[in-house]
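Coordinates in review
Residues per chain are reported as follows:
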Amino acid sequence: MQRCWAHKLRNIADKVSRQEGSCVAGASAIYSASSQSAAQRAFRAWKQHWQHRRPNAVACVERDLDALLNFFAVPPAHWIKVRTTNVIERAFREVRRRTRPMSSFSNVPSCDRIVYGVINHLNLSWERKPLFKFTQTS
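Residues numbered from 1 in each chain as written. Predicted model: local features only at pLDDT ≥ 70, side-chain atom pairs only at ≥ 80, totals over all residues. Heavy atoms only, no water.

Things to note about the overall build of the protein chain
Quick note on the threshold: In this description a helix means any DSSP run of H or I spanning at least four residues, a strand means any run of E spanning at least two, and both kinds are numbered starting from the N terminus. Type-normalised accessible area, obtained with a 1.4 Å probe on protein chains alone, sets the label of each residue: buried when under 20%, exposed when over 50%, and partly exposed for intermediate values. Here, two residues are considered to be in contact whenever any of their heavy atoms come within 4.5 Å of each other.
Scanning the protein chain from terminus to terminus reveals 7 helices and 0 strands. N-terminal to C-terminal, the α/β element order of the protein chain is α-α-α-α-α-α-α. Within the span of the protein chain, comprising 138 residues, buried residues form 32% of the whole. Restricting the contact set of the protein chain to residue pairs at least 6 apart, pairs at least 24 apart contribute 65%.

Examining the packing of aromatic side chains
Put simply, the test is: Geometry of aromatic contacts follows a simple scheme: Phe, Tyr and Trp rings, the Trp one being its six-membered ring, pair when their centres are within 6.5 Å, and the pair is stacked under 30 degrees between planes, edge-to-face over 60, tilted otherwise.
Inspection of every chain in the model, using the stated rule, returns 5 aromatic pairs. Each ring, one from F43 and one from W46, has its centre 6.2 Å from the other, and the planes form 40°; the classification is tilted. Here W46 and F43 lie together in helix 3 (residues 36-50), a separation of 3 residues that amounts to about one turn. Accessibility classification places F43 together with W46 in one group, the buried group.

Comments concerning the packing of helix 1 (residues 5-15) against helix 4 (residues 55-68)
Selection criterion: Between the N-to-C directions of two axes lies an angle of 0 to 180 degrees, each axis being a line fitted to C-alpha atoms and, for a helix, fitted only over the stretch in contact. Roughly parallel refers to an angle under 35 degrees, roughly antiparallel to one over 145, roughly perpendicular to one between 65 and 115, and oblique to any angle outside these ranges. Here a crossing is called left-handed whenever its near helix is offset anticlockwise from the far helix by less than a right angle, and right-handed whenever the offset is clockwise. Residue polarity is assigned by list, with Asp, Glu, Lys and Arg as charged and Ala, Val, Leu, Ile, Met, Phe, Trp, Tyr, Cys and Pro as nonpolar; anything else, Gly included, falls into the polar class.
Where helix 1 contacts helix 4, the axes come no closer than 9 Å and their chain directions differ by 170°. As judged from the angle between their axes, helix 1 and helix 4 are roughly antiparallel. In this structure, helix 1 meets helix 4 at a crossing whose hand is right-handed. Across the interface between the two elements, W5, K8, N11, I12 and K15 of helix 1 pack against N56, A57, C60, V61, R63, D64 and L68 of helix 4. For the contact of helix 1 with helix 4, the residue count by class is 6 nonpolar, 2 polar and 4 charged.

Considering the pattern of salt bridges
For the record, the criterion: Salt bridge criterion: a side-chain nitrogen from Lys or Arg within 4 Å of a carboxyl oxygen from Asp or Glu.
Enumeration over the complete set of coordinates arrives at 3 salt bridges. Between D64 and R3 there is a salt bridge; the shortest N-O distance is 3.8 Å. Linking D64 in helix 4 with R3 in the segment before helix 1, this pair joins segments that are 61 residues apart in sequence. Its salt-bridge partner being K47, residue E62 comes within 2.6 Å of it at the nearest N-O pair. Linking E62 in helix 4 with K47 in helix 3, this pair joins segments that are 15 residues apart in sequence. The exposure class assigned to E62 is partly exposed, which follows from its relative accessible area of 37%. The partly exposed category is assigned to K47, whose relative accessible area is 26%. Taken together, the shared-partner salt bridges in this structure form one network comprising R3, K8 and D64.

Next up, the structure:
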């Protein structure tokens, strides 16, 4: 299972002060590496630099490092598409935004209709304005 780098970086940012933004930037260098072995070397360097100052941030990455680096198992052209789940989560967020005010549904088909409507709306809008980093042509 691939862990989302965008979420991991947000978790790290929560564990460090704004003045230590270089901690997050250093962590982002891990997934920007050219190979899995280079990413592991980048992690070891980042860990050595931040272990004593921000052990919680280091533990946060170290705990999930294997899952965070799973994207290296697919062809490099797909790395940017699989190392984050932001596009999928944006769709889920929109479904939650539309369904929460309703508080309850009278039956399962009524829930299915609203979820279908939201997803269909997103598909149509992405058709008109595709996210090129997430298409087969990129």
